[in-house]
Amino acid sequence: RVLGAGLVAAAVLMPPSTPYLVFRLLLGGLGLFALLFGRAALLPGALLGIYGLTVSFPLLVERFAEAQYREAAVWPLMKLMTVLRLPLQNNGPVFYLHSSTGEDISVLLSVACAGPATMGVFLSIFALMCFDRPLPGKKAAAMFIFGVAGTWLQSFVRLVLLFVIAYYWGNDALWSAHRWT
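Below, the structure is looked at part by part.

## Comments concerning the packing of aromatic side chains
Then, in step 1: Under the definition given, this model contains nine aromatic pairs.
Then, in step 2: Aromatic ring contacts, followed pair by pair, group F122, F126 and F144 into a single cluster.

## Remarks on the packing of helix α2 (residues 21–37) against helix α3 (residues 42–64)
Then, in step 1: Their axes nearest at 11 Å, the elements α2 and α3 cross at an angle of 165°. With respect to their mutual orientation, α2 and α3 come out roughly antiparallel. Crossing angle aside, the handedness with which α2 passes α3 is left-handed. Each of V22, F23, L26, L27, L30 and F33 in α2 lies in contact with α3, whose residues at this interface are P44, G45, L48, Y51 and G52.
Then, in step 2: Split by residue class, the contact of α2 with α3 holds nine nonpolar, two polar and no charged.

## Considering unusual backbone geometry
Then, in step 1: A positive phi angle, close to 60°, is found at R85, a residue other than glycine.
Then, in step 2: For R85, the location among the structural elements is in the loop between α4 (66–83) and β1 (88–91).

## Looking at the side chain of S124
Then, in step 1: With respect to the helices, strands and loops of the structure, S124 is situated in helix α5 (residues 116–132).
Then, in step 2: Under the relative-accessibility criterion, S124 is labelled buried at 5%.
Then, in step 3: A distance of 3.2 Å separates a polar side-chain atom of S124 from the backbone oxygen of I50.
Then, in step 4: Residue contacts for S124: discarding those within four places in its chain leaves I50, L53 and T54.

## Overview of the environment of M78
Then, in step 1: In this structure, M78 sits in helix α4.
Then, in step 2: The contacts of M78, once residues within four sequence positions are left out, are L88, Q89, N90 and F95.

Criteria and thresholds
- Residues numbered from 1 in each chain as written.
- Predicted model: local features only at pLDDT ≥ 70, side-chain atom pairs only at ≥ 80, totals over all residues.
- Heavy atoms only, no water.
- Phe/Tyr/Trp six-rings, centres within 6.5 Å; stacked < 30°, edge-to-face > 60°.
- Axes fitted to C-alpha atoms, helices over the stretch in contact; angles between N-to-C directions.
- Helix = DSSP H or I, 4+ residues; strand = E, 2+ residues; numbered from the N terminus.
- Parallel < 35°, antiparallel > 145°, perpendicular 65-115°, else oblique.
- Left-handed = near helix turned anticlockwise from the far one by under 90°.
- Contact = heavy atoms within 4.5 Å.
- Nonpolar A, V, L, I, M, F, W, Y, C, P; charged D, E, K, R; others polar.
- Buried < 20%, exposed > 50% of the residue type's maximum accessible area, 1.4 Å probe, protein only.
- Polar contact = N/O pair within 3.5 Å; in protein donor to acceptor, adjacent residues only side chain to side chain.

The structure is reproduced here in structure tokens:
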């Protein structure tokens, strides 16, 4: 019952923030549920924790590991663009490209472009899978590493495709593809 009161208080005292609005409402509802039903709130609490991970992961990366997370995409991107012989240059997170259409394109690669939201979704799905079907430690670790690598690769391929589109079809095509990916 104390936990329920604490959850309601946490929901009320959390700073107002758009990404956390639904989370705050659910947290307050879970607190009321815990006040009324006690231990029955454990399962909804675990699920809400997983939802909180999905919402919080990109914000945590942005706050505590922005440069490192972005660099994990920038360095291999520049190496691959060199191999593909695309005229891509960068100065930190700002990329410059002279497209085949003659346009000079400048793009800021923010940490959000490197895919922390996608990684947060993977982490949550993995947590739900482990919750539903617990695996032996080594098998779970192998699946986790494979999933993190695959999720990173998906985000990386997205960046590569966006820059290839920018090179061959120009700035408008880049931003059109960006909206759809």
